[in-house]
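Per-entry structural report
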Amino acid sequence: MDNVKSVLQEIGFPELVNDFKDAGYENKDTLRALTYEGLKEVIKKAGPRDLFWKRIQDFWTRTGTEIYSNASQEQSDDGDEIIAPVFRCSCSSSKEAEDDGVPQEKSLVQFFDSAEGEMMKQVYEAKGYLPQKSRIKLADYLVAKEYEKEREGEDFKITTERFRHLRNVIKTEFPKVNENLFFIPYESSTRTAASGHLYKAYNVFKANMRLTKPKRKRILPENFTDATSEPEEALQYVRTHLNPVNTVRNFWKLCRQSRLEKINCFEEYLEEYPILSSAEGSQYFEEDFNAVYPDASTKFLASWSTLSVLIHDYGRSEKNKRQIMSATKTFHADLIGLVVLAFFLAGSSYECTEGEPEGQKKSRKPFTRDDVINALYIQKLDNQTLVECVHKHFSRRRKTPVLAFVGKKEKIVECFVAVSRDVMYSTASVVEAIDIFMKISIICKKAYNSATAPVWTYFQKFVYEINDPTDKFLSVLELHDKISAYKVQNYENE
């Protein structure tokens, strides 16, 4: 039972040890045979069950543990064996798929016959959609197999037609999945670049395998160190490499000043450096922020719980008390202070511009309170709907990072910072998500959404204590003065 206990502790469910023991999972071997259907007998509620399933699959993958391929077998009430749907490639075994014009795809057959493929199918059948992590893994696998087939070195290329074919094969296997998540071709009329999991996996793979043409003639050797390289050389390296990790980190640090000086807009910066689109991308943003603003690195995490209560109390003391209480009663505790700031800063005006009297306000595009509150973050009940909304957010002309949460308003179960259509950084809590979002936005020259810019400017100036001469919202200063006065009158006299 010790093996089961250690696994459950590792994935954050130590309280379920006895429940698994009662269900017959008394050692690691039986736990490796756990299926989603079997998990339903142990964890009755869907939310915690899905979270457990996600974490234990990640654990098996991370530790390189083989999962029994017959783990999908169950027993019916009368003792007959029931085999859960096996993950097969319908394009190679289904005549219907051939009739639809989708030819055989041996690489997919191999993947779907594996334990990992069967597990992916089980997750899809249970959830009704394919999670982002599974989509990325499938795209990475297909691109790697395409390279193995071609073996053409620098001439390796996947054509648009081939991308479309792979997309259609995936759609055949997962009818509920939006095929555009995997590939959208270049649109010449609007000059919209190609996108999707397959296209991104293809570009990252080529960069990682050094199959893209270098922007500079000089190619850096793998054993370069900070002492033997120059910032421009390091800059070239991090533009084209994901591994080895230690080398990338060293070069990332070395070219920091040059990189940050060259930032033009958030979207271009993300595309220029593929490491930012990896699962560890947020760490590189944080390293930059902590290096540039060392005194501000922990201020939000240390102060937000107290400051949020202060802001909420101030809101309830104002003439709009009823509206504030009504607007915040169903929000997650860590988001209430954020919502109150949005309530007061929705009508923010610009600071004076050159040639105008000092302090004169200048109007900007009007935003209602609902506009601002709804633009603060995306929150949906399930991952599939959340991903669709994130895609909609990044279809706008000006692309900015956005907070994304899964769960009910007062109970959030998953937290993300979305930085592109296909990349969402997972975080442990709402507060951590806000902190990473702010650090990314600040380091990328205040990449704030226009509707919520006053709210994030308040965070920047009075939580992180980072002042910028280009800050332009008088209302942010006015609100902070009022909150500070309220604090003196009601807190410091206690």
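Located above this text is the structure these notes cover.
Residues numbered from 1 in each chain as written. Predicted model: local features only at pLDDT ≥ 70, side-chain atom pairs only at ≥ 80, totals over all residues. Heavy atoms only, no water.

Quick look at the sheet that holds strand β3 (residues 377–380)
Each strand in a sheet pairs with its neighbour through backbone hydrogen bonds, running either in the same direction (parallel) or in the opposite one (antiparallel). As summarised here, the arrangement of the four strands in space is β3-β4-β5-β6, forming an open sheet in which the pairing is mixed. Of all strands in the sheet, those with a lone pairing partner are β3 and β6 (424–427), marking the two edges. Here the average twist between neighbouring strands, direction ignored, is 30°. Bridge analysis of β3 against strand β4 (residues 402–408) gives four bridges, and the strand direction is parallel. (Pairing = 2+ DSSP bridges. Helix = DSSP H or I, 4+ residues; strand = E, 2+ residues; numbered from the N terminus. Axes fitted to C-alpha atoms, helices over the stretch in contact; angles between N-to-C directions.)

Considerations on the side chain of S278
Checked against the element boundaries, S278 lands in the loop between α16 (266–272) and α17 (281–292). By relative accessible area, which is 18% here, S278 ends up buried. A distance of 2.6 Å separates a polar side-chain atom of S278 from the backbone oxygen of I275. (Buried < 20%, exposed > 50% of the residue type's maximum accessible area, 1.4 Å probe, protein only. Polar contact = N/O pair within 3.5 Å; in protein donor to acceptor, adjacent residues only side chain to side chain.)

What about the packing of helix α20 (residues 336–345) against helix α24 (residues 453–462)?
Relative to each other, α20 and α24 sit at 120°, their axes nearing to 9 Å. In this view, α20 runs oblique relative to α24, as classed from their interaxial angle. Two packed elements cross with a definite hand, and for α20 against α24 that hand is right-handed. On α24, the residues that touch L338, L341, A342 and L345 of α20 are P454, V455, W456, Y458 and F459. Its residues assigned to classes, the contact of α20 with α24 comprises nine nonpolar, no polar and no charged. (Parallel < 35°, antiparallel > 145°, perpendicular 65-115°, else oblique. Left-handed = near helix turned anticlockwise from the far one by under 90°. Contact = heavy atoms within 4.5 Å. Nonpolar A, V, L, I, M, F, W, Y, C, P; charged D, E, K, R; others polar.)

A closer look at unusual backbone geometry
Here the residue pair N243 and P244 is connected by a cis peptide bond, since its omega of -10° sits within 30 degrees of zero. Relative to the assigned elements, P244 resides in the loop between α13 (231–240) and α14 (245–254). Located in the positive-phi region is E465, a residue other than glycine, with phi close to 60°. On the secondary structure map, E465 appears in the loop between α24 and α25 (474–490).

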